[in-house]
Amino acid sequence: MCGFAGYLGHVAEPERLLAAMGDAIAHRGPDGRGLKVIAPAGSALGAGLSHVRLSIVGLTDSAQPMASEDGQLSIAFNGEIFNYVELREELIARGHRFRTSGDTEVLLKLYEIYGESCLSRLNGDFAFAIWDGRAKRMFIARDRMGVRPLFYTEKAGTLYFASEVKALLAIPGFHATLDPFALDQVFTLWSPIAPRTAFEGVFELEAGNFMIADASGRRISTYWSLDFPDSRDVRPEMDEDDKAAQLRHLLEDATRIRLRADVPVGSCLSGGLDSSIVAALAADMAPRGLDTFAITFDSPEHDESGFQTLMARHLGVKHHEVNCTEADIAAAFPDVVRLAEKPLIRTAPAPMYRLSSLIRETGMKVVLTGEGADEVFAGYDLFKEAQVRRFCARQPGSKFRPHLFRKLYPYLPGLQKQSAEYLAAFFGADAAPLSDPLFSHRPRLRGTAAAKLFFSGDLKSRLAGYDAADDMIAQLPERFGRWHPLHQAQYLETRFLMPGYILSSQGDRMAMGNGVEGRFPFLDHRLVEFAATLPPSMKLKGLKEKYLLRKSMADKLPAEITHRVKQPYRAPDSRAFSGSVAQEHVHAVLDARRVAGDGLFNAAAVDKLVQKCAGQAAPSFRDDTAFIGVLSTQMWLDIFQGTNRRASEAA
Amino acid sequence: MSESIKQTIRSFIVENFLFGDEAALPTDADSLIAGGIIDSTGVLELVAFIEEQFGFTVADSDIVPANLDTIDAIAGYVGRNASTAAAA
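Residues numbered from 1 in each chain as written. Chains lettered and ligands numbered in written order. Predicted model: local features only at pLDDT ≥ 70, side-chain atom pairs only at ≥ 80, totals over all residues. Heavy atoms only, no water.

A. Region of the structure containing the sheet that holds strand S14 (residues 291-297) of chain A. Residues and elements named next belong to chain A. Taken together, five strands build an open sheet; the order of strands is S15-S14-S13-S16-S17 and the sheet is parallel. Each edge of the open sheet is held by one strand with a lone partner, namely strand S15 (318-324) and strand S17 (517-519). This sheet shows a mean twist of 30° between the axes of neighbouring strands, independent of strand direction. Against the sheet, helix H8 (residues 305-315) makes contact with S14 and S15, and its axis sits at roughly 165° relative to S14, the strand it touches most. (Pairing = 2+ DSSP bridges. Helix = DSSP H or I, 4+ residues; strand = E, 2+ residues; numbered from the N terminus. Axes fitted to C-alpha atoms, helices over the stretch in contact; angles between N-to-C directions. Contact = heavy atoms within 4.5 Å.)

What follows is the structure in structure tokens.
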């Protein structure tokens, strides 16, 4: 786990640039630094790699950038190859020798032997760049699910890449500009759609992709993508006990190889089913005991400490918790935006940043979490909601069916008082066509996009009728239409929101902000591929989410956890900014003249929004979304576009 | 009477849901939900406004889109219920 950056092309002062790029992402690797400038004789292209290290595997002998024995290859690598032990043994049996004990050299050797097809052998969370002196090319790749980040840009014919965009800001003459289309995407589906990022001209290498760059240009290929069987090939007659046993076996192995490290590995414990499962499996495999970590909240609506303590006692682990107040969220929010590098429409990443700081203070730098289970085994409310909407659509005007929506969201007080007619209208139960590929996601997309009300006339005209949802549809694979509706919904969630928000804004960036690596057993690709073949009814059985997962793990968990209904992870949004200190900051960031000067939002409307939210205990979904969206966007401009803005103000 | 009720409702929508942006005001016949103007919390805000502004209590069974999802519908509903309150 670490961070890296590099280039391919012409750079005037390569050492200086590589050092500056490393400085910009130093939080990702506090344990070591390295850089390497490669100037191949007789070639027009220069190359360079910069690396900041968080030592987890091969503590003393795996410094980077690392070169191959013959000096032809150099690698900068962020992440882990969890099956490196088996791969190393296999290569040794075939006569290969290793100088180090870690996974970096194994990866380098695999590339040396297999070239780009080495990727299919890896079970891991990784992003890396290998300079291949034999072929005079740079090989850059990213893991299947999008756990570890990789961004790139091109300037004057030189390719630059890095773990975070911050490092690219060190490129001489590079200025950050917010991409208005990315903003429209954030205000629709919570994040830009890869490869687009919030920064104009900066792109993300998508999950499951690799890039080969050389003198003739660059080419990007996909080596893995999520797939489901055609609807007519789904086999509902599968034996449930068999499948539960297979699931258990895969999950145990996924957890086992994720405990590999030369430092202690802890586990997060949210109080929900998924992290409880991971902690239970890890506790069995940790001979020296397990440390668990949790966030608590003051508001009963968000707090899950009762379940966290119950589970920690059940496992007999050493449990650590930290309380996150509304004031903490407000105070951390500028740092959260700086780390996430994109506008946000929720504050939920902020408590995660606080959690990683607790983990660091305890002296640990690796934790397992339950992330991914909701995507892989269909845990989100959205999946149930889509099912109820389909059920309602089969009998339009039903006075009874829409009452199910209330049951789905017991934690939303605003819904409890609504009539069947309104419930049906809010969820578009009568309106949305079943043939819409985004059917499952329409209420969320529509609810979020309502916050675009605050876009300025100027921004609206620049977007000229652009709709991020149409862009999502355009990116769907041809086979999407043949999948079962639940699989379509799972695909949308796993392809877009998971890498774009869950694993990045709320995951890697918040953990690595404090030099902590998260590991996700549920995102082991063997488990993901297994779950994709399961009949939908084994994932969402009626309205019981993650059915087979619960069944396969019931013997390891207290009944209160096994049967617990999913509570989505949320944090106080606009309400977090209601304290006097936070209000002062909000007024400074959302100062009407500055908002008007930046030209993205309607300043007068934003002013009224700030007043409305300040006076309300429970703002509506739309108002909350708009408040956090506008606030974080203006913070983004302060942080990343500051120099530009001052220049234009002076002009 | 009806036009002044409509105007009061339009002003409330512009202030409370559109934050002063008159250009975003829907026509009297447009669905407030489909336009992204009202969500589940918004309906409760609308009901509270009607009760306070027009001086009658909205029965739970009246909180349905047929009564409240367009400016026309709200004006009609208020007209039918406020008349007794106003006459008193």
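B. Fine view of the domain arrangement of chain A. Residue and element names in this part refer to chain A. Parsing chain A into structural domains produces domain 1 (2-177 + 185-222), domain 2 (236-371 + 503-562), domain 3 (381-456 + 464-485) and domain 4 (579-650). For domain 1 versus domain 4, the distance between C-alpha centres works out to 36 Å. With eight residues of domain 1 at the interface, the matching set in domain 4 holds eight residues. A buried area of about 670 Å², summed over both sides, lies between domain 1 and domain 4, and 73% of it is on carbon and sulfur atoms. When the buried surface of domain 1 facing domain 4 is broken down by residue, Ala 176, Phe 187 and Phe 199 rank first, second and third, together holding 57% of it. Taken together, domain 1 and domain 4 are joined by zero salt bridges. Our count for the contact surface shared by domain 1 and domain 4 stands at zero residue pairs in polar contact (both at pLDDT 80 or more). Across the side of domain 1 that touches domain 4, the residue classes tally to five nonpolar, two polar and one charged. (Domains from an automatic or database assignment. Buried area = accessible area lost by both parts, 1.4 Å probe. Salt bridge = Lys/Arg side-chain N within 4 Å of Asp/Glu carboxyl O. Polar contact = N/O pair within 3.5 Å; in protein donor to acceptor, adjacent residues only side chain to side chain. Nonpolar A, V, L, I, M, F, W, Y, C, P; charged D, E, K, R; others polar.)

C. Here's a closer look at the side chain of Asp 143 of chain A. Residue and element names in this part refer to chain A. Among the secondary structure elements, Asp 143 is positioned in the loop between strand S7 (137-142) and strand S8 (151-155). Summary of buried charges: Asp 143 has no salt-bridge partner, and the nearest side chain of opposite charge, Arg 142, is 5.4 Å away. A polar atom in the side chain of Asp 143 sits 3.3 Å from the backbone nitrogen of Met 145. Each residue touching Asp 143, except ones within four places of it in the same chain, is listed here: Gly 124, Asp 125, Phe 126, Arg 148, Ala 207, Gly 208 and Tyr 223. (Buried < 20%, exposed > 50% of the residue type's maximum accessible area, 1.4 Å probe, protein only. Lys, Arg positive; Asp, Glu negative; His and termini not counted.)

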